[in-house]
Amino acid sequence: MLTTLCRQNDSVVDTMIKLFKVKEKQREMSENANGRAPVKKQSAGELRLHKVMELRKFWLVNGECISHVIDISELNLPKTTTISFPNGKDDLMNFEITIRPDEGYYLGGIFVFTFQVSPVYPHEAPKVKCKTKVYHPNIDLEGNVCLNILREDWKPVLNINTIIYGLNHLFTQPNHEDPLNHDAAAVLRDNPKMFESNVRRAMAGGYVGQTFFHRCM
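Remember, it's a predicted structure, so these values are computed and weren't measured experimentally.

Procedures and definitions
- Residues numbered from 1 in each chain as written.
- Predicted model: local features only at pLDDT ≥ 70, side-chain atom pairs only at ≥ 80, totals over all residues.
- Heavy atoms only, no water.
- Core = buried A, V, L, I, M, F, W, Y, C linked by side-chain atoms within 4.5 Å.
- Buried < 20%, exposed > 50% of the residue type's maximum accessible area, 1.4 Å probe, protein only.
- Helix = DSSP H or I, 4+ residues; strand = E, 2+ residues; numbered from the N terminus.
- Contact = heavy atoms within 4.5 Å.
- UniProt positions renumbered as here; feature names shortened; annotations may be inferred.
- Disulfide = S-S within 2.5 Å.
- Pairing = 2+ DSSP bridges.
- Axes fitted to C-alpha atoms, helices over the stretch in contact; angles between N-to-C directions.
- Parallel < 35°, antiparallel > 145°, perpendicular 65-115°, else oblique.
- Nonpolar A, V, L, I, M, F, W, Y, C, P; charged D, E, K, R; others polar.
- Expected span 1.5 Å × (residues − 1).
- Arc of directions from axis to C-beta.
- Salt bridge = Lys/Arg side-chain N within 4 Å of Asp/Glu carboxyl O.
- Phe/Tyr/Trp six-rings, centres within 6.5 Å; stacked < 30°, edge-to-face > 60°.

Participant: What am I meant to see in the nonpolar core here?
Facilitator: As a rule of thumb, soluble globular proteins bury nonpolar side chains together. Membership of the largest hydrophobic core comes to 40 residues, with the highest contact counts inside it found for Phe 113, Phe 115, Tyr 135, Ile 163 and Leu 167. Elements with a contribution of two residues or more to this core: β4 (94-99), β5 (111-116), β6 (127-130), α4 (160-172), α5 (182-190) and α6 (192-204). With six residues, α4 is the largest single contributor of residues to this core. Phe 113 has contacts with Phe 95, Glu 96, Ile 97, Ile 99, Val 128, Lys 129, Cys 130, Lys 131, Ile 139, Val 145, Leu 167 and Phe 171, leaving out every residue within four places of it along the chain.

Here it is as structure tokens:
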């Protein structure tokens, strides 16, 4: 159904923009009919101040019109997490988050993840990779992340915030039962003290076995 809706020409974009305007006009008329004072339009500065950054983007991909609504104000980031836009905030489909765990094995570490949001989001999960080389049972040395909501458990009702909290959970509760780095998972399962030592050595910058890790703390 989504593909059918998206396969439109440029006139569909105009139609959708008109619909947004009609809905806004209807809302204003309804408020006036109820005796409310007309709502003053917010300036760009006021919008920025209140962190309301709803952007509607219409992309033309392979001849298909794709509609996106990304509301940055919906992000409720944990205190351990920050977000940045390497390509500028005009490109909200590609961004990075930085996680600084405040407890657990990875306390004091700094870990950067890239997000690439699909044109059909939320019907497809974003592609997430870890830029920081990390000794972790659920993140391999190429940065692939084992998080079920990025795979089979993804649903359109989920969002970016859900993923961010899931990534934070990986650092407070690494899971040896669903590993990508099998060696790290085995050490965590059989010798948690050695696992902790290996994590600290990797974050400080050095070798764990035959693998070198850059400092990330």
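Participant: Could you clarify how one ought to interpret the UniProt feature "active site" (unreviewed entry) in the protein chain in this entry?
Facilitator: Per the UniProt entry, the sites bearing "active site" (unreviewed entry) are Cys 146 in this numbering. For Cys 146, a relative accessible area of 6% puts it in the buried group. Beyond its immediate chain neighbours, meaning those up to four positions away, Cys 146 contacts Asn 138, Arg 151, Leu 170, Asp 178 and Leu 180.

Participant: Looking at this structure, I do not really get the state of the cysteines. What am I missing?
Facilitator: Here a disulfide denotes a covalent bond joining the sulfur atom of one cysteine to the sulfur atom of another. The final tally for this structure, using the stated rule, is zero disulfides. For Cys 216, which is in no disulfide, the shortest distance to another cysteine sulfur is to Cys 130 and amounts to 8.6 Å.

Participant: I keep staring at the sheet that holds β6 and nothing clicks. Help me out?
Facilitator: Across a sheet, paired strands are connected by hydrogen bonds in the backbone, their directions being either parallel or antiparallel. Here we have four strands laid out as an open sheet, ordered β3-β4-β5-β6, and antiparallel in their pairing. The open sheet has two free edges, formed respectively by β3 (81-84) and β6, since each of these has just one partner strand. Neighbour-to-neighbour, the strand axes of this sheet turn through a mean angle of 25°, independent of strand direction. Lying on the sheet, α4 is in contact with β3, β4, β5 and β6; it crosses β5 at an angle near 150°.

Participant: How should the packing of α5 against α6 be read in this particular structure?
Facilitator: To characterise two packed helices, one gives the angle between the axes of the helices and the distance between these axes. Between α5 and α6, whose axes approach to 5 Å, the crossing angle comes to 135°. The orientation of α5 relative to α6 falls into the category oblique. On α6, the residues touching Ala 184, Val 187, Leu 188 and Asp 190 of α5 are Pro 192, Met 194, Phe 195 and Asn 198. Its residues assigned to classes, the contact of α5 with α6 shows six nonpolar, one polar and one charged.

Participant: Help me out: how do you make sense of α6 in this one?
Facilitator: Note: α-helices contain 3.6 residues per turn, so residues at a spacing of three or four share the same orientation. Taking 1.5 Å per residue, 13 residues should reach 18 Å; α6 reaches 18 Å between its end C-alpha atoms and fits that length. Those residues of α6 not exposed but buried are Phe 195, Asn 198, Val 199, Ala 202 and Met 203. Considered in projection along α6, the buried side chains sweep an arc of 125° and stay on one side of the axis. Residues of α6 that are buried make contact with β5, α5, β7 (206-208) and β8 (211-213).

Participant: Is there a simple way to explain the pattern of salt bridges in this structure?
Facilitator: Applying the stated criterion across every chain yields a total of five salt bridges. As a salt-bridge pair, Asp 102 and Lys 79 come within 3.8 Å of each other at their nearest N and O atoms. One end of the pair, Asp 102, is in the loop between β4 and β5; the other, Lys 79, is in the loop between β2 (64-71) and β3, with 23 residues separating them in the sequence. Linking Glu 96 and Lys 131 is a salt bridge whose minimum nitrogen-to-oxygen distance equals 3.0 Å. One end of the pair, Glu 96, is in strand β4; the other, Lys 131, is in the loop between β6 and α4, with 35 residues separating them in the sequence. By relative accessible area, which is 54% here, Lys 131 ends up exposed.

Participant: Mind showing me how you'd approach the environment of Ala 184 here?
Facilitator: Residue placement: Ala 184 occurs in helix α5. Residues Ala 184 and Val 199 lie 15 residues apart in sequence; the distance between their C-alpha atoms is 9.2 Å. Not counting the four nearest positions on each side in its chain, Ala 184 is found in contact with Tyr 135, His 136, Pro 137 and Phe 195.

Participant: Sorry, what's going on with the packing of aromatic side chains here?
Facilitator: Two measures describe an aromatic ring pair: the distance that separates the ring centres and the angle between the ring planes. In the structure shown here, the tally under the stated rule is eleven aromatic pairs. Pairing Phe 95 with Phe 115 gives two aromatic rings, centres 4.9 Å apart and planes at 15°, and the pair type is stacked. Residue Phe 95 is found in strand β4, and its partner Phe 115 is found in strand β5; the two are separated by 20 residues along the sequence. The same class applies to Phe 95 as to Phe 115, namely buried. Summarising the aromatic geometry, the rings of Tyr 135 and Phe 195 are spaced 5.5 Å apart at their centres and angled 35° between planes, so their arrangement reads as tilted.

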